[in-house]
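The lines below spell out each chain.
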Amino acid sequence: MTATHRPARTVAVVTLGCARNEVDSEELAGRLAAEGYELVEDADGADAVLVNTCGFIETAKKDSVDAILAATDSGASVVAVGCMAERYGSELAGALPEATVLGFDDYAAIGERLDDVLSGRPLVPHTPRDRRTLLPISPVQRSAVLAGAGGRVEDSAPVIPGHDWLRRRRLTSGPTAALKLASGCDRRCAFCAIPVFRGAFVSRPPAEVLSEAAWLASQGVRELVLVSENSTSYGKDLGDLRSLEKLLPQLAAVEGIDRVRVAYLQPAELRPGLLEVIAGAGGHGRVIAPYFDLSFQHSSPTLLRRMRRFGGTDDFLRTIERARSLAPGAGFRTNVILGFPGETEDDVAELERFLTEGRLDAVGVFGYSDEEGTEAMRLDGKLAQHEIDARVRRITDLVEELTAQRAEDRIGERVEVLLTEDLSGTDGPGTWLGHAAHQDPDADGTTTVTGVPADAVAGRLVAAEVVDTEGVDLVARALVPVAAPAGR
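Residues numbered from 1 in each chain as written. Predicted model: local features only at pLDDT ≥ 70, side-chain atom pairs only at ≥ 80, totals over all residues. Heavy atoms only, no water.

Enquirer: Please explain empty space enclosed by the protein as it appears in this structure.
Expert: Which parts of space are left empty comes out when a probe the size of a water molecule is rolled across the atoms. Applying the stated criterion across every chain yields a total of 3 cavities of 30 Å³ or more. Residue lining of the largest cavity: 13 residues in total, with Arg-131, Val-159, Ile-160, Arg-198 and Gly-199 positioned closest to the centre. Per-class residue counts for the lining of the largest cavity are 9 nonpolar, 2 polar and 2 charged. Computed from the structure, the second largest cavity encloses a volume of approximately 60 Å³. What lines the second largest cavity is Asp-361, Thr-403, Arg-406, Ala-407, Arg-410, His-438, Asp-444, Val-472 and Leu-474. Considering every element that reaches the lining of the second largest cavity, the biggest residue donor is helix α14 (residues 385–409), with 3 residues. (1 Å grid on protein atoms, 1.4 Å probe; cavity = no way out; pocket = protein on both sides within 12 Å on 5 of 7 lines; lining within 4 Å. Points joined across faces, edges and corners; volume = space filled by probe spheres on them. Nonpolar A, V, L, I, M, F, W, Y, C, P; charged D, E, K, R; others polar. Helix = DSSP H or I, 4+ residues; strand = E, 2+ residues; numbered from the N terminus.)

Enquirer: Please clarify how the pattern of salt bridges should be interpreted in this entry.
Expert: If charged atoms from side chains of opposite charge come close, those side chains can pair. Under the definition given, this model contains 55 salt bridges. A salt bridge links Asp-24 to Arg-198; the nearest nitrogen and oxygen atoms lie 2.8 Å apart. Of this pair, Asp-24 sits in helix α1 (residues 19–34) while Arg-198 is found in helix α7 (residues 194–198), placing the two residues 174 residues apart along the sequence. The exposure class of Asp-24 is buried, given its relative accessible area of 1%. A salt bridge links Glu-276 to Arg-322, with the shortest nitrogen-to-oxygen separation between them at 3.3 Å. Residue Glu-276 is located in helix α10 (residues 272–278), and its partner Arg-322 is located in helix α12 (residues 313–326); the two are separated by 46 residues in the primary sequence. Within this structure, Glu-343, Glu-345, Glu-352, Glu-387, Arg-391 and Arg-394 form a network of salt bridges that share partners. (Salt bridge = Lys/Arg side-chain N within 4 Å of Asp/Glu carboxyl O. Buried < 20%, exposed > 50% of the residue type's maximum accessible area, 1.4 Å probe, protein only.)

Enquirer: Please explain the pairing of strand β15 (residues 432–435) as it appears in this structure.
Expert: On a regular strand, each side chain points to the face opposite its neighbour's, so the side chains alternate between the two faces of the sheet. Note: strand β14 (residues 414–422) against β15, 4 bridges, orientation antiparallel. Opposite Glu-421, over in β15, you have Leu-433 as the bridge partner. Both β15 and strand β16 (residues 447–450) contribute to a ladder of 3 bridges, which runs antiparallel. Within β16, the residue paired with Leu-433 across the bridge is Thr-448. (Pairing = 2+ DSSP bridges.)

Enquirer: Would you mind showing me how to read the packing of aromatic side chains here?
Expert: Given two aromatic rings, their pairing is described by the distance between the two centres and the angle made by the two planes. Per the counting criterion, the structure on display carries 7 aromatic pairs. Pairing Phe-104 with Tyr-107 gives two aromatic rings, centres 5.5 Å apart and planes at 80 degrees, and the pair type is edge-to-face. Overall, Tyr-107 belongs to the buried group, its relative accessible area being 1%. Between Phe-316 and Phe-354, the ring centres sit 5.8 Å apart and the planes meet at 70 degrees, which makes this aromatic pair edge-to-face. Here Phe-316 is found in helix α12, whereas its partner Phe-354 is found in helix α13 (residues 345–358), with 38 residues between them in sequence. Phe-354 carries the same exposure label as Phe-316, and that label is buried. In this structure, Arg-20 is placed above the aromatic ring of Tyr-264, and the distance from its NZ or CZ to the ring centre is 4.4 Å. When the ring centre of Tyr-291 is taken as reference, the NZ or CZ atom of Arg-261 above it lies at 4.5 Å. (Phe/Tyr/Trp six-rings, centres within 6.5 Å; stacked < 30°, edge-to-face > 60°. Lys NZ or Arg CZ within 6 Å of the ring centre and 35° of its normal.)

Structure, rendered in structure tokens:
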């Protein structure tokens, strides 16, 4: 009996980690649905559970292992995919015999692999390899290889998760969705192992991105969050580093899309032209969110060089100042690492100066941990764990105070809120939860809006005035509902 004629088997998909993983899960879900699998939300009673793991840092890996073990409690066959599965392969399979471990190269035949698992046919887990070696070093030569027009990579081009939007099946129904610009990374940050298991940087063609944006709009999506490992590199392998500046206005013009947000910007690559487009200098009004998700990681120039990164406090503050001169209400978020090998008290003080003067809206604070295969593992100057923890607490306390103050600065400000959840049943008529342009849908706080018209639905954009705050969260009062942007 073939996969398309057998009784439908059920599979639940569990996703950990970032928005890029969410896109990968939806591609896998679409492939499985096309192979005759029925997608279900609850692992209990499912034939199989697909756990899309995260392998970025130690805490994420622990969460992934916990999710795999929890899935086995359902009695279903458990399959681990994603970054952690790709990164560790046979090692993870040996440590977790409860699950079958698959790598990225299994994604193209994920239905067949799941058939094998459910039929009891043994699968040999892959041996991890450096996926950067699967494509040419020169970015502009990669498209030819991927298209099969030149060269061979071990007899076939490597699988790149999340680039097959034609098979994508949405696993959520909200008005926001991630849209992948690219996969992989060519940078060599000393603390990061992502390029090894995600591979070299590969942009998606603009026409493909625009087609997926139109499809997402047809599925009820009103806000696109553009994701990749490094969005500022978009187009480098297509021969045009200005590709993102050109693509953003085109995405803003897609019928049904009311907001386009760019995530994962590399500070050292934020070109003036791209900054200006994101800040609204190109005349694209409200559609392109004036939002800067900049992965500063630290601000001490000395420590950043040890991290194999560039810039420093003064450079970063000039970037923020320039963006705010164009868009005073622009949003800024970042992540910072405390306790990197060789970090001194002076370095921490420099980071404190940057955070205090930068007035960012959201900051993720992480403690350094050794990651296999990274340069940082071999560096001297390692700090004791108790010192790393103390510095994390110190900066976390500072960040909580500063971001709450930044939210208070917005009292009296006019914001446009994308409504996501009706709270009328619990918080009174006309009360909705949503997020403003400076707030990422998943990471940067929320805005509660009162006085919303009775005919409101999720996905509507509503103008409001900020009247209060709760930490980083805003409380606002609806003004007049925002009409569709001009010309739409």
